[in-house]
Amino acid sequence: MATVMAEASRVRIVGVVSDETPEIKEQKANTLTSEVLSLHQKEAKKRDHGLNKIIRYFRSSCSSIGSDEGSCSLTSTTGSSKASGAIPVRLSFVPVDLNVPLEEQHGGSFDILLHKMTEDILCLSKANESLRNLVLNEGNISTRVINGEKNLQQAVQRIHRLKQYQAKHPHCCLADDPCKVEIVMSRLAISIKLQNSLNSVRSTSGLSVETPKFVSFESEIGNHTLQYPLIAKPLTAAGTKKSHCMGIVLNPKGLSSVQTPCILQEYTNHDNSLYKVFVIGNDIHVFRRPSLPDLPTSTVELDQLAPFVEFDSHRPYPGSSDFGLDLPNPAKRTKMQELSSTEVAPIVDVLKLAFGLELFGFDILLSNKRLFVVDVNYFPSFKEVSNFPSLLAKYLVQLAIQKRKITQKNELE
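Procedures and definitions
All residue numbers here refer to positions counted from 1 along the written sequence of the relevant chain. Owing to the predicted nature of the model, reporting of local features is limited to residues with pLDDT of at least 70; listing and counting of side-chain atom pairs is limited to 80 or more, with chain, interface and lining totals taken over all residues. Each side-chain value is worked out from all heavy atoms of the structure, with water and hydrogens disregarded. Each helix corresponds to a stretch of at least 4 residues labelled H or I by DSSP, and each strand to a stretch of at least 2 residues labelled E; elements are numbered beginning at the N terminus. A contact between two residues is defined here by any heavy atoms of the two lying within 4.5 Å. For the area figures, the Shrake-Rupley method with a 1.4 Å probe applies, and any residue is considered shielded solely by the protein chains shown. Strand pairing is assigned whenever DSSP identifies at least 2 bridges connecting the two strands. Under this scheme, a helix contributes an axis fitted over its contacting stretch, all axes are lines through C-alpha atoms, and angles between N-to-C directions fall in the 0 to 180 degree range. Within this scheme a cavity is a closed region of a 1 Å grid, computed over the protein atoms alone, that accommodates a 1.4 Å probe without allowing it to escape, whereas a pocket is open but has protein on both sides within 12 Å along at least five of seven lines; lining residues each have an atom within 4 Å of a point. Grid points are joined across faces, edges and corners, and a volume is the space filled by probe spheres set on the points. In this classification, Asp, Glu, Lys and Arg are treated as charged, Ala, Val, Leu, Ile, Met, Phe, Trp, Tyr, Cys and Pro as nonpolar, and every other residue, Gly included, as polar. Values of pLDDT, ranging from 0 to 100, describe the predictor's confidence in every residue of the model. Only protein chains enter the calculation, and the probe is 1.4 Å; a residue is then buried if its accessible area is under 20% of its type maximum, exposed if over 50%, and partly exposed in between. Between 30 and 60 degrees the pair is tilted, below 30 it is stacked and above 60 it is edge-to-face, where a pair is any two Phe, Tyr or Trp rings, Trp via its six-membered ring, whose centres lie within 6.5 Å. Two axes define the bend at a residue: one fitted to the seven residues ending there, one fitted to the seven starting there, and the bend is the angle between them.

Colleague: Whenever I open this one, the overall build of the protein chain confuses me. Can you help?
Modeller: Within the protein chain one finds 12 helices and 15 strands. At a minimum sequence separation of 6, the contacts of the protein chain that also span at least 24 residues come to 68%. Surface exposure of the protein chain reaches about 19,800 Å², of which carbon and sulfur atoms provide 48%.

In structure tokens form, the structure reads like this:
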């Protein structure tokens, strides 16, 4: 045990290319996620600028900073043989370029590969099944002719290089594995996973947990049995600007305005508030945010309203007046129940197991003492989590140390 800890006294963490579009990067300016992950830049000046921002974030969050650029010193209590139960660990962030073999960068030895390859994973998710399996399962693609757009060819090469490196270096961890992230690229896959995994789940206080009823349409909208109003969301959940363009369908006439492919969900009234849940390993953080207004449910009332109201989920939500409603001021309504990290812990445990992710977020709607889980996403901004840099650093160190213990144990057996 002591040997493992000694070996873990220096942990090299790697920020891997963030492949988001310039538009999305601009929207995420000044958030830690974009700064930590936007490390692959064509110009050295831009690359240094991104790394320096990481250093500044960790300088403000960690107790001390090592002499190496992009490093911070932490204290780990995992399995230490010291009486105090603590041992200093040096954590280093370095940028890598997945267009070049990882073995040729920074000495070629990394403990963790931290990434947010949204567009690459989305691109691969739309490839044929045999190619996807070959890449995600570390198969040999050197003799494989990849037909299709240049973006697909580059995505295949980058993800394959990431997976191959981990396969050749058992001590290295992926945070998180791209094959686990792939499922959250599709809102249909997310909804099916939620529907199958939330059966009989309850919060700590006993509130029932479910996901809204839904149907999906690839081309034109067909028959369905959902109750109006509905919320229409693109099938693609991330990686494109259109992923966040949604609409509220208040009556059948509104279906003609829905863009396909899409998923339709029954609209759940939730008193103008939703709960954002952020998960960083074993750390859970819950924040309440303003949301869409409560809407009528009777056919008579809905038929008198505009049939379709479009909105961007990354911008302020439409209010009651946008739907032609004259409803009470939300501030005068009954005070809503607050959800704590303890209350949602059973939900987090189920989702971690179902999706295989450790760095993710999801939304909860509270309606009539029922919790509705929607929109699971990988590596969100974490902008509400004030001490996110420190929490991320500690989680990554624990992950690296744990993986080294497992690797060493396997080598001894």
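Past the structure itself, the notes keep going.
Colleague: Can you walk me through the sheet that holds strand β11 (residues 273-280) in this structure?
Modeller: As a general point, the strands of a sheet are linked pairwise by backbone hydrogen bonds and lie either parallel or antiparallel. Read from one edge of the open sheet, five strands run β6-β15-β14-β11-β12, paired in mixed fashion. In the strand order of this sheet, the two ends are held by β6 (208-210) and β12 (283-290), each with one partner. Pairs of neighbouring strands in the sheet enclose a mean axial angle of 30°, with direction left out of account. Relative to β12, β11 is paired through eight bridges, and the arrangement is antiparallel. The partner of Leu274 across the bridge, within β12, is Arg289.

Colleague: Please clarify how empty space enclosed by the protein should be interpreted in this entry.
Modeller: Where empty space is left can be seen by rolling a probe of water-molecule size over the atoms. Across all of its chains, the model carries two cavities of 30 Å³ or more by this definition. Considered as a void within the structure, the largest cavity measures approximately 60 Å³ in volume. As for the largest cavity, its lining consists of Arg187, Ile190, Ser191, Leu194, Thr211, Lys233, Ile263, Gln265, Val373, Val374 and Asp375. In terms of residue count, the dominant contributor to the lining of the largest cavity is helix α9 (residues 187-197) (four residues). When the residues that make up the lining of the largest cavity are grouped by side-chain class, the tally is five nonpolar, three polar and three charged.

Colleague: Whenever I open this one, the confidence of the model for the protein chain confuses me. Can you help?
Modeller: For any part of a model where pLDDT is low, the fine detail of the predicted coordinates should not be relied upon. Confidence along the protein chain averages 78 in pLDDT terms, with 72% of residues attaining 70 or more. When mean pLDDT is compared element by element in the protein chain, helix α11 (residues 341-355) scores highest at 98, while helix α1 (residues 2-7) scores lowest at 28. For residues 1-9, every residue scores under 50 in pLDDT, and the model assigns this stretch 22 contacts once sequence neighbours within four places are set aside. Contacts for the low-pLDDT stretch residues 20-56, under 50 throughout, to residues beyond four places or in other chains number 63 contacts.

Colleague: How do you make sense of unusual backbone geometry when you look at a structure like this?
Modeller: Glycine aside, residues mostly have negative phi, and peptide bonds are mostly found in the trans state. Cis geometry is found at the peptide bond from Ala175 to Asp176, where omega equals -15°. With respect to the helices and strands, Asp176 occurs in the loop between β5 (173-175) and α8 (178-181). Thr260 connects to Pro261 through a cis peptide bond whose omega is 0°. Its place among the elements puts Pro261 in the loop between β9 (245-249) and β10 (262-266). The backbone phi angle of Asp271 is positive, close to 55°, even though this residue is not glycine. Residue classification places Asp271 among the partly exposed positions, given a relative accessible area of 21%. A positive phi is found at Asn368, a non-glycine position, where the angle reads about 50°. Looking at the element boundaries, Asn368 is found in the loop between β14 (359-367) and β15 (370-378).

Colleague: Is there a simple way to think about the packing of aromatic side chains in this case?
Modeller: Both the distance between ring centres and the angle between the ring planes are used here to describe each pair of aromatic rings. What the rule picks out here adds up to nine aromatic pairs. Centre to centre, the rings of Phe382 and Phe388 are 4.4 Å apart; their planes meet at 5°, and the pair counts as stacked. Owing to a relative accessible area of 1%, Phe382 belongs among the buried residues under this scheme. Under the relative-accessibility criterion, Phe388 is labelled buried at 2%. Three or more aromatic residues link up through ring pairs in this structure, and these residues are Phe278, Phe287, Tyr378, Phe379, Phe382 and Phe388.

Colleague: Looking at this structure, I do not really get α11. What am I missing?
Modeller: Count 3.6 residues to each turn of an α-helix, and residues three or four apart come out pointing the same way. The sharpest bend along α11 measures roughly 35° and falls at Ile347. For α11, the full list of buried residues reads Glu343, Val344, Ile347, Val348, Leu351, Lys352 and Phe355. Gly356 lies just past α11 and shows a positive phi near 70°.

Colleague: What is the right way to look at the sheet that holds strand β13 (residues 308-312) in this model?
Modeller: Spatial ordering of the open sheet is given by β7-β10-β8-β9-β13, a layout of five strands whose pairing is antiparallel. Strands with a single pairing partner mark the edges of an open sheet, and in this sheet they are β7 (214-217) and β13. Across the sheet, the mean angle separating the axes of adjacent strands is 25° when strand polarity is ignored. Packing against the sheet, α9 makes contact with β7, β8 (230-234), β9 and β10, and its axis sits at approximately 155° to β7.

Colleague: Mind showing me how you'd approach the pairing of β8 here?
Modeller: Both faces of the sheet carry side chains from a regular strand, because those side chains alternate between them. When you tally the buried positions in β8, you get five out of five residues, the bulk of the element. Burial along β8 is two-sided: the residues Leu230, Ala232 and Pro234 and Ile231 and Lys233 are all buried. Alignment of β8 against β9, held across three bridges, turns out to be antiparallel. From the neighbouring strand, Ala232 faces β9, where its bridge partner is Gly247. Where β8 meets β10, five bridges bridge the pair, whose relative direction is antiparallel. From the neighbouring strand, Ala232 faces β10, where its bridge partner is Leu264.

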